[in-house]
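# Results of the structural survey
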Amino acid sequence: MAAKKHDGNKLKKRKQNPDVKNRTDSSASKKPKLVSSDTQTERLKKPFKPSKKAHNPSKLIKSESGKEKHEPQTKRERRLHAKELAEARKKKRKRHYTLEQELASLWEKMRQRNIAKEERSKLISEALQKMKGKIPEIASSHVSSRVLQTCVKYCSQTERDSVFEELKPHFLNFACNTYAVHLVNKMLDNASKKQLSEFILNLHGHVASLLRHMVGSVVIEHAYQLANATQKQELLMELYSTELQLFKDLTLMKESRLLDVIAKLNLQKGSVLRHMTAVVQPILEKGIVDHSIIHRVLIEYFSIVDKSSAAEVIQQLSGPLLVRMIHTKDGSRIGMLCIKHGSAKERKKIVKGMKGHMGKIAYDQYGSTVLAYIVSTVDDTTLVTKTVIRELQPILKELALDKNGRRPLLQLLHPNCSRYFSPDEMAAFNLTIPSLNAKDGESGDEDNSTKLTVVGTKESASPENVQLIDGGKKDPYLRRKELLVENGLAEKLIDVCIENAGELLRSNFGKHVLYEVATGGAGGILHPVLDDKLNALHEAIASLVAEPKSEEEHVLENFHSSRTIRRLIIDSPTFATTLWIKALKGNCGLWAQGHSSKVIYAFLESSDVKIKERANKELQPLIDGGILKKPENKQPGKEG
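These numbers were taken from a predicted model, which means no experiment stands behind them.

### A word on helix α17 (residues 258-265)
Along α17, the residues classified as buried are L258, L259, V261 and I262. Buried residues of α17, seen end-on, are gathered within an arc of 160° and therefore sit on one face of the element. Seen from the buried face of α17, the exposed residues on the opposite side, beyond 90 degrees, are A263 and K264. Phi turns positive one or two residues past the end of α17, at N266, with a value near 55°.

Given below as structure tokens:
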């Protein structure tokens, strides 16, 4: 019974898979047919005959010229044939293709550096003669535009004038062309004052539209950089209102500030604001923020903008976009305004957007002021430490020796010092947006409106008008201590000063960093935590002073180092004591002449009575003998 049941299951399985049986039967029925050995031998003996589909070498084809020729066989022939076909198509498609090929050949010769001037002039004249009357047609080509740029750069003034006249009616079209824009910029670089004036006149009514164009904005910026003050004002005026854009005569005025222009022409502030918003918003949306003319427009826009629009612009700029703006004077001010009026979230975006660019920003003239403002304003010291300080730590020596790079360090060591920041820069630290700075119940249109644009006038640049930076809510001293001392920056900075004391002392810029570190910073912020390190620095400087005279210039004879050491003696009793004991006691007679005499006499100008008494015993005989003379400078410690 069990066996029968098992057979039944097999039958069921066969019924469930009928395809298996079919496949088995079909495969079994289709058995391979064996070919006899005689037949196979006959096939091998038969010669090979190409099929009809095979390539026939004797087949003739017609070229585009109409002549019959053989189809290419080898790879090289096929490649040459494809090149001939491509050349033929280009000749049909491009009207001046042959001319461009001739110009490219001439360009390869004329652009060589070691070519004689006479030979280059001859090649340029030949190229210009070939292009005469056709320049507007071929200027948009990537080949011909390069040839024209070289010709404009090296040709005579007469030839340049003829090219300018031929291109003059087409400048606006070329300003938006990817290749021709380089030719336009080269023409502007070599243009005469009259030609530049004509070009700026042609831009009238098109400035706003070109600024919204990625390529056209480059031409406007180039013209703006080359223009004089009056021409710059003409370009800016078009962006302020519709009336100024339509009527050219209204732009010819001396007033540079937007508020003054509105007052003189009796323009409606609402109308101006709407027009500027329509100009500014598309530019910001496209991210065209690299140009200084746009930065100037934004500064003027902030002076009249309402609260909501100002907040919207700050929100748009907060992030990596702002990094591309802070390389100009107005751009750095926009950066500081965004930091000042931005929320904590927006400040975080701004600081994080600078990540990876701190070194480049620190070395920039205007970017360094923005970094100095960040360390003085942003309360989130953890964020600033991770993003700013950590990127600057590996290059502390280079920063200390650089004119701009030292500024963030000096701002931490001695905030808002007029020795390191100009009055104009200090005034820029205190800029505000009137609508965001107005108190509750105030419109911000009257007195507050001058706070943004007053910078740059003689009155604002005077030291009496300079105020301290209006920072965040955190205590400034606590913020400095967290950024400078608690994260280890000061300790590494002292180590750099110890290792490179001689180089920093002799440097026109490094001496300031060394002085601030050696004195313990403003308010004694490095004391008492780093007193041991500071004593080591004092001894390192004293060791340099103790070195005997040699052919190499001594630190007491160098202009910069002698004055820095003098300041340290006057302002730091600890340093003065170390220097006297380790280096100068009993050796003052050797240094009583030249630059070093000021250093020796500084011991008598010290505010510490003990130092005066200690030095007076050795110095008074030198003074009585006429060897050591009192320096002419009546205000000690103000050099450098």
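### Considering the packing of helix α26 (residues 381-392) against helix α33 (residues 476-484)
Here α26 crosses α33 at 40°, and the two axes come no closer than 10 Å. On the basis of the axis angle, α26 is oblique to α33. α26 and α33 meet at a crossing whose hand is right-handed. Only R479, E482 and L483 of α33 make contact with α26, whose side of the interface consists of T381, V384, T385 and I389. Of the residues that constitute the contact of α26 with α33, the class distribution is 3 nonpolar, 2 polar and 2 charged.

### Description of the packing of aromatic side chains
Under the counting rule described, the total for this entry stands at 5 aromatic pairs. When the centroid spacing of 5.3 Å and the interplanar angle of 55° are considered together, the rings of F164 and F171 count as tilted. Here a set of aromatic residues connected by ring pairs shows up, and it is made of F164, F171 and F199. Its guanidinium or amino end placed over the ring of Y224, K232 lies 5.2 Å from that ring's centre, counting from NZ or CZ. Taking the ring centre of Y515 as reference, the NZ or CZ of R567 above it sits at 3.7 Å.

### Structural notes on the nonpolar core
Counting residues in hydrophobic clusters, the biggest one holds 174 residues, and the most contacted among them are I565 and L584. The dominant element in this core, judged by the number of residues it contributes, is helix α19 (residues 292-304), at 8 residues. Mapping this core onto the domain boundaries places at least three of its residues in each of domain 1 (96-190) and domain 2 (488-625). Setting aside residues up to four positions removed in sequence, I565 forms contacts with L505, I541, V545, V555, L556, F575, L579 and V599.

### Focus on the pattern of salt bridges
This model, assessed by the stated rule, comprises 16 salt bridges. Between K130 and E102 there is a salt bridge, and its shortest N-O distance comes to 3.3 Å. In this pair, K130 sits in helix α6 (residues 117-131) while E102 sits in helix α5 (residues 97-110), placing the two residues 28 residues apart along the sequence. Ionic pairing is found between D330 and R296, a salt bridge with its closest N-O pair at 3.1 Å. Taken together, the residues D330 in helix α22 (residues 329-341) and R296 in helix α19 connect sequence positions 34 residues apart. Owing to a relative accessible area of 13%, D330 belongs among the buried residues under this scheme. Linked by salt bridges that have partners in common, R296, E300 and D330 make up one network.

### Remarks on the environment of A227
With respect to the element layout, A227 can be found in the loop between α14 (216-226) and α15 (229-237). A relative accessible area of 8% means that A227 is categorised as buried. If near-sequence neighbours (up to four positions away) are discounted, A227 is found in contact with L196, I200 and K232.

### What to know about unusual backbone geometry
A cis geometry characterises the amide bond from H527 onward to P528, with omega recorded as -10°. Looking at the secondary structure, you find P528 in the loop between α36 (510-518) and α37 (531-546). Even without glycine at this site, N266 takes up a positive phi of about 55°. Looking at where N266 falls in the secondary structure, it is placed in the loop between α17 and α18 (269-286). One non-glycine residue, N416, adopts positive backbone phi at about 55°. Mapped onto the secondary structure, N416 falls in the loop between α28 (407-413) and α29 (423-429).

### Comments concerning the UniProt feature "repeat: Pumilio" (unreviewed entry) in the protein
UniProt's feature table lists "repeat: Pumilio" (unreviewed entry) at residues 130-165, 166-202 and 353-390, given in the numbering used throughout. As annotated, residues 166-202 comprises 70% helix and 0% strand, and the C-alpha atoms at either end are separated by 14 Å. Measuring from the first to the last C-alpha atom of residues 353-390 gives 15 Å, for a span that is 74% helix and 0% strand.

### Notes on the environment of H341
Tracing the sequence through the fold places H341 in helix α22. The spatial distance from the C-alpha of H341 to the C-alpha of I433 is 7.9 Å, given a sequence separation of 92 residues. Residues in contact with H341, not counting those within four places in the same chain, are I314, T432, I433, L436 and N437. A distance of 3.0 Å separates a polar side-chain atom of H341 from the backbone nitrogen of I433.

### With respect to a positive patch on the surface
On the surface, K348, K352, K355, K386 and R390 cluster together to form a positively charged patch. Residue assignment for the positive patch shows that the elements contributing at least two residues are α23 (344-353) and α26. Assignment of secondary structure puts R390 in helix α26. On the accessibility criterion, R390 (52% relative accessible area) is exposed.

The rules behind the values
Residues numbered from 1 in each chain as written. Predicted model: local features only at pLDDT ≥ 70, side-chain atom pairs only at ≥ 80, totals over all residues. Heavy atoms only, no water. Buried < 20%, exposed > 50% of the residue type's maximum accessible area, 1.4 Å probe, protein only. Helix = DSSP H or I, 4+ residues; strand = E, 2+ residues; numbered from the N terminus. Arc of directions from axis to C-beta. Axes fitted to C-alpha atoms, helices over the stretch in contact; angles between N-to-C directions. Parallel < 35°, antiparallel > 145°, perpendicular 65-115°, else oblique. Left-handed = near helix turned anticlockwise from the far one by under 90°. Contact = heavy atoms within 4.5 Å. Nonpolar A, V, L, I, M, F, W, Y, C, P; charged D, E, K, R; others polar. Phe/Tyr/Trp six-rings, centres within 6.5 Å; stacked < 30°, edge-to-face > 60°. Lys NZ or Arg CZ within 6 Å of the ring centre and 35° of its normal. Core = buried A, V, L, I, M, F, W, Y, C linked by side-chain atoms within 4.5 Å. Domains from an automatic or database assignment. Salt bridge = Lys/Arg side-chain N within 4 Å of Asp/Glu carboxyl O. UniProt positions renumbered as here; feature names shortened; annotations may be inferred. Polar contact = N/O pair within 3.5 Å; in protein donor to acceptor, adjacent residues only side chain to side chain. Patch = residues over 30% accessible without salt bridge, like charges linked within 9 Å, V, L, I, M, F, W, Y side chains within 5 Å. Areas by Shrake-Rupley, 256 points an atom, 1.4 Å probe, with all protein chains shown as cover. Lys, Arg positive; Asp, Glu negative; His and termini not counted. Charge placed at Lys NZ, Arg CZ, Asp CG, Glu CD.

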